[in-house]
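# Survey of secondary and tertiary structure
These are the residues of each chain, in order.
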Amino acid sequence: MKKLTVIVISYNFENWIEKCLCSIVEQQTNFDFDIFIRDDNSTDSTREVIQNFVEKQPNRSRFRLFFENKNLGVNKNIELLISNCQSQYISHIDGDDYFIDPQKLQSQVDFLDENPEFVIHSTSYFHHLVDNTIYPSGWWYGPMKQVCDIQDIIHLNYVGFGRTFRNLFDEFKKLWSNPNWPIFYHDDWFLNFFIMKWGKSYFPFGYPTGNYRITTTGKFASLPDEKKHQIEQECKVILLEEYHKFLVECNRI
């Protein structure tokens, strides 16, 4: 069983997906890793860019492409890719973002190998703005909490960029069957919460490993601030309900 699979979701990223894939294959590790890519039926040339990139790779067998003529959306894309992973760890990156540290995956796997009480490792990041500048210069973004548990994440999504997490295999099937999945626009928040039923997350301060591309076209980014706040509060209500169910299942209440 290979140690890690990188999952990449992509939609209309023809100008950015190659940079993302280059940053993955340039990772320096002492273990094998696969790369699973799901193009969500892009209307531009994203699919052709991906295919051309993979065909040029000396180790094409590490790639698995999920190309269907159907648009699933972010949540179902993640579900499909994760459900096909058989590796010990999974790392997630969107196809418009990219890694800037070639040791990123190695450092995350080393940490999770050495710290079994942790289930997620994420890092800080820079913003890649629409004018192709990187912001901020010399600083980084990320949650201001290094270690968090399931109670912490109910109140705020304390998971940063490029999360790498343990593959919970059959446990994920319970998540996909949960009527609360997907959780509005915050699918990553809900997934992180579910993973952290089984351990803590770690976020090392001041360790930026990637650039997160800022756009104004995303469905959540385009919402007014009042609507964003409303969605966040609704998410917290659902997470509290899920936490109560979890305590009951574990006979903690």
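Definitions and limits used
- Residues numbered from 1 in each chain as written.
- Predicted model: local features only at pLDDT ≥ 70, side-chain atom pairs only at ≥ 80, totals over all residues.
- Heavy atoms only, no water.
- Helix = DSSP H or I, 4+ residues; strand = E, 2+ residues; numbered from the N terminus.
- Rg over C-alpha atoms; globule rule 2.2 N^0.38 Å.
- Buried < 20%, exposed > 50% of the residue type's maximum accessible area, 1.4 Å probe, protein only.
- Areas by Shrake-Rupley, 256 points an atom, 1.4 Å probe, with all protein chains shown as cover.
- 1 Å grid on protein atoms, 1.4 Å probe; cavity = no way out; pocket = protein on both sides within 12 Å on 5 of 7 lines; lining within 4 Å.
- Points joined across faces, edges and corners; volume = space filled by probe spheres on them.
- Nonpolar A, V, L, I, M, F, W, Y, C, P; charged D, E, K, R; others polar.
- Pairing = 2+ DSSP bridges.
- Salt bridge = Lys/Arg side-chain N within 4 Å of Asp/Glu carboxyl O.
- Axes fitted to C-alpha atoms, helices over the stretch in contact; angles between N-to-C directions.
- Parallel < 35°, antiparallel > 145°, perpendicular 65-115°, else oblique.
- Left-handed = near helix turned anticlockwise from the far one by under 90°.
- Contact = heavy atoms within 4.5 Å.

## A few points about the overall build of the protein chain
- Secondary structure summary: the protein chain contains 8 helices and 11 strands in total.
- Taken against the 2.2 N^0.38 rule, which gives 18 Å for 253 residues, the C-alpha radius of gyration of the protein chain at 18 Å falls within 12% of a compact globule.
- For the protein chain, the C-alpha atoms occupy an extent of roughly 55 × 45 × 40 Å along the three principal directions.
- A burial count over the protein chain gives 50% of its 253 residues as buried.
- Split by element, the accessible area of the protein chain, about 12300 Å² in all, is 50% carbon and sulfur.

## Some words on the layout of surface pockets
- Estimates place the volume of the second largest pocket at around 210 Å³.
- Together, 13 residues line the second largest pocket, and Lys174, Phe194, Lys197, Glu242 and Glu249 are the ones closest to its centre.
- Among the elements of the structure, α6 (170–176) and α8 (225–249) are those that each provide at least two residues to the lining of the second largest pocket.
- Along the lines of polarity and charge, the residues of the lining of the second largest pocket split into 6 nonpolar, 1 polar and 6 charged.

## Section: the pairing of strand β9 (residues 161–166)
- A large share of β9 lies buried, amounting to 6 of its 6 residues.
- Sheet topology places strand β4 (residues 89–94) next to β9; 3 bridges connect them, and they run antiparallel. Along β9, the bridge assignment pairs Ile90 with Phe165.
- Alignment of strand β6 (residues 118–128) against β9, held across 3 bridges, turns out to be antiparallel. Bridging across to β9, His121 finds its partner in Thr164.

## Some details on the pattern of salt bridges
- Tallying each qualifying case throughout the model produces 8 salt bridges.
- In this structure, Lys76 and Glu79 form a salt bridge, with 3.2 Å as the shortest nitrogen-oxygen distance. Remark: Glu79 and Lys76 occur in helix α3 (residues 74–83); sequence separation between them is 3 residues, near one turn of the helix.
- The class for Lys76 is partly exposed, based on a relative accessible area of 41%.
- Residue class for Glu79 comes out buried when judged on its relative accessible area of 16%.

## Concerning the packing of helix α7 (residues 187–195) against α8
- Between α7 and α8, the shortest axis-to-axis distance is 11 Å and the interhelical angle comes to 20°. One element, α7, and the other, α8, form an angle in the roughly parallel class. Note that α7 runs across α8; the crossing there is right-handed. Where α7 abuts α8, its residues Trp189, Phe190 and Phe193 lie against Glu232, Cys235, Lys236, Leu239, Glu242 and Tyr243.

## With respect to the pairing of strand β11 (residues 208–213)
- Alignment of strand β5 (residues 98–99) against β11, held across 2 bridges, turns out to be antiparallel. Note on β11: the bridge partner recorded for Tyr98 is Asn211.
- Bridge count between β6 and β11: 5 bridges; the pairing is parallel. Of the residues in β11, the one forming a bridge with His127 is Tyr212.

## What to know about unusual backbone geometry
- Backbone geometry places Asn12, a non-glycine residue, at a positive phi of 55°.
- Tracing the chain through its elements places Asn12 in the loop between β1 (4–10) and α1 (17–25).

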